[in-house]
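# Inside the fold
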Amino acid sequence: MAAYLIADVDIKDAALFEEYRRDVPATEERYGGRYLGRGGATKVLEGDWDPHRLVIVEFPDMASLMGWYNSPEYARLIEIRKRSASTRIIALEGIATPAA
């Protein structure tokens, strides 16, 4: 079943973050990741959440998501992200769909 990476990104250094933003998609694609949302407009409907730049990436399954997150090619980008932004990131397992 699909798994989703959900990130709330508060960019502190836009120039440095641009390197991360440019290079990260190719690393995700190798693990079957595809963007469902990436920095679009948000509207809080309830609660006190104050999101910054939200990103949602779908992976084929949790193993693929974690394989990407722990991969050597992403390790370099994690360091860039940590220097250029504050982030909250979660992995969410999707719902199993019945076979057709």
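Presented here is an overview of the structure given in this document.

Conventions and cut-offs
Residues numbered from 1 in each chain as written. Predicted model: local features only at pLDDT ≥ 70, side-chain atom pairs only at ≥ 80, totals over all residues. Heavy atoms only, no water. Helix = DSSP H or I, 4+ residues; strand = E, 2+ residues; numbered from the N terminus. Buried < 20%, exposed > 50% of the residue type's maximum accessible area, 1.4 Å probe, protein only. Contact = heavy atoms within 4.5 Å. Areas by Shrake-Rupley, 256 points an atom, 1.4 Å probe, with all protein chains shown as cover. Pairing = 2+ DSSP bridges.

## Quick word on the overall build of the protein chain
- A tally of helices and strands in the protein chain yields three helices and four strands.
- Among the 100 residues that make up the protein chain, the fraction classed as buried is 32%.
- Taking the contacts inside the protein chain whose residues are at least 6 apart along the sequence as the reference set, 78% of them involve residues at least 24 apart.
- By element, 54% of the accessible surface of the protein chain is carried by carbon and sulfur atoms, the whole surface being about 6400 Å².

## Some thoughts on the pairing of strand β3 (residues 53-59)
- For β3, a buried count of five out of seven residues is recorded, marking the element as mostly surrounded by other parts of the structure.
- Note: strand β1 (residues 3-11) against β3, seven bridges, orientation antiparallel. Bridged to V9 within β3 is R53.

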